[in-house]
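# Overview (structure and organization)
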Amino acid sequence: MRKVLHTALIAASLGLFAASTLNAQVNLIAIGSLTESKAGVYADLSGLDGVLENGAPANLLGGLGSGFAWAGDNTFLGLPDRGPNAVVFDALVDNTVTYIPRFHTIKMDLDKNKGAGLPFTLTPKLKDTTLLYSSNPLVYGTGAALAVGPGAPEQNKRNKFYFSGRSDNFDATRNSGNPRDARLDTESIRISNNGNRVFISDEYGPFVYEFDRWSGERTQAFKLPDNLFVTNLQPIGNDEISGNTADAPPTKVWKGWPSRRTGRHWSA
């Protein structure tokens, strides 16, 4: 969660590499860029409008490389980080905003290059953007004494509570392993064997969550070792780091609620 995602980022470079054997030299065969979608230049397909607290568009097509996963054939899933926070607007929340975590479905066509340069041309195309949410209520910050408003995304509705990159979206009475905390700093993504679920890790908890690939609903949270959690949660990253020892105290296993859509229980 300490990484900065630049709001000025205008392109995500996508490279493909090939090697004939395990020990062979890896060679760059193509480079492509993804800067737009059918929604417009630097716009993703989330369908969001308006701007975030720092003035960045809510549908900003920014970084894609926090996590990257192959989804079969020429399809890949790209995972942004916790959202644009390079613009200084409120240091009390580490300049984070109510950016809704998401992943992008990208088609990448590879064609033989008939001209000079690399042997192939790569044409990425954004096909879909999936927002991540819980069907059960999440904990959001009030923004009190932090010079910002509440941390809940305005797109929330009944049975759909979106995660957020805002650093104050946590329950200070619980440790960082609380699966109801809304803050999510996505770092990596993998796809289930049947292709219907995605597994996404987070740096805030840390967490490993399972989401429905097609809707973005969280369907399960996995229990991680207790010593990975911290007890002194703070909206400023450096304060949170300095306020916790290397070993967090033991925590109880959280039993969650069933997903209203799938009926599945999850625990963390």
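Note that this is a predicted model, so its numbers are computed, not measured.

## Considerations on the sheet that holds strand 6 (residues 75–79)
Ordered by their spatial adjacency, 4 strands build an open sheet running 5-6-7-8, and the pairing between neighbours is antiparallel. Edge strands, defined here as strands with exactly one partner in the open sheet, are strand 5 (67–70) and strand 8 (120–131). Geometrically, the sheet is characterised by an average inter-axis angle of 25 degrees between neighbouring strands, direction not taken into account. For strand 7 (residues 102–112) and strand 8, the ladder comprises 11 bridges, and the chain directions are antiparallel. Among the inter-strand pairings, Thr105 is bridged to a residue of strand 8, identified as Asp128.

## Side note on the environment of Tyr209
Along the polypeptide, Tyr209 turns up in strand 13 (residues 207–212). Tyr209 sits in the buried class, given a relative accessible area of 1%. A C-alpha to C-alpha distance of 6.3 Å links Tyr209 and Phe222, two positions 13 residues apart in sequence. Setting aside residues no more than four positions away along its own chain, Tyr209 makes contact with Phe163, Asn178, Pro179, Leu184, Val198, Phe199, Ile200, Arg218, Gln220, Ala221 and Phe222. Separated by 3.2 Å, the side chains of Tyr209 and Arg218 make a polar contact.

## Some words on the layout of surface pockets
The volume enclosed by the second largest pocket comes to roughly 180 Å³. If you trace the second largest pocket, you find 14 residues lining it, with Val51, Leu52, Thr98, Glu154 and Gln155 closest to the centre. Across the lining of the second largest pocket, the residue classes break down as 8 nonpolar, 2 polar and 4 charged.

Calculation criteria
Residue indices follow the written sequence of each chain, beginning from 1 at its first position. Thresholds applied to this predicted model are a pLDDT of at least 70 for local features of residues and 80 or more for the giving and counting of side-chain atom pairs; totals over whole chains, interfaces and linings are not thresholded and use all residues. As a rule here, side-chain values cover all heavy atoms of the structure and leave hydrogens and water aside. In this scheme, strands are said to pair when DSSP sees at least two bridges between them. The way it works is that DSSP assigns letters per residue, a run of H or I at least four long becomes a helix, a run of E at least two long becomes a strand, and they are numbered from the N terminus. Helix axes use the C-alpha atoms of the stretch in contact, all axes being lines fitted to C-alpha atoms, and the angles between their N-to-C directions lie in the range 0 to 180 degrees. For the exposure calls, accessible area comes from a 1.4 Å probe over protein chains only, and a residue counts as buried if that area is under 20% of its type's maximum, exposed if over 50%, partly exposed in between. The criterion used for residue contact is that any of the two residues' heavy atoms lie within 4.5 Å. Any pair of N or O atoms that falls within 3.5 Å is considered a polar contact. Within protein, one atom must be able to donate a hydrogen and the other to accept it, and sequence-neighbouring residues count only if both atoms are side-chain atoms. Every definition here rests on a 1 Å grid over the protein atoms only: cavities are sets of points where a 1.4 Å probe fits but cannot get out, pockets are open sets enclosed by protein on both sides within 12 Å along at least five of seven lines, and lining residues have some atom within 4 Å of a point. Grid points are joined across faces, edges and corners, and a volume is the space filled by probe spheres set on the points. Only Asp, Glu, Lys and Arg are considered charged, only Ala, Val, Leu, Ile, Met, Phe, Trp, Tyr, Cys and Pro nonpolar, and every remaining residue, Gly among them, polar.

Worth remembering: the numbers are spatial, not functional.
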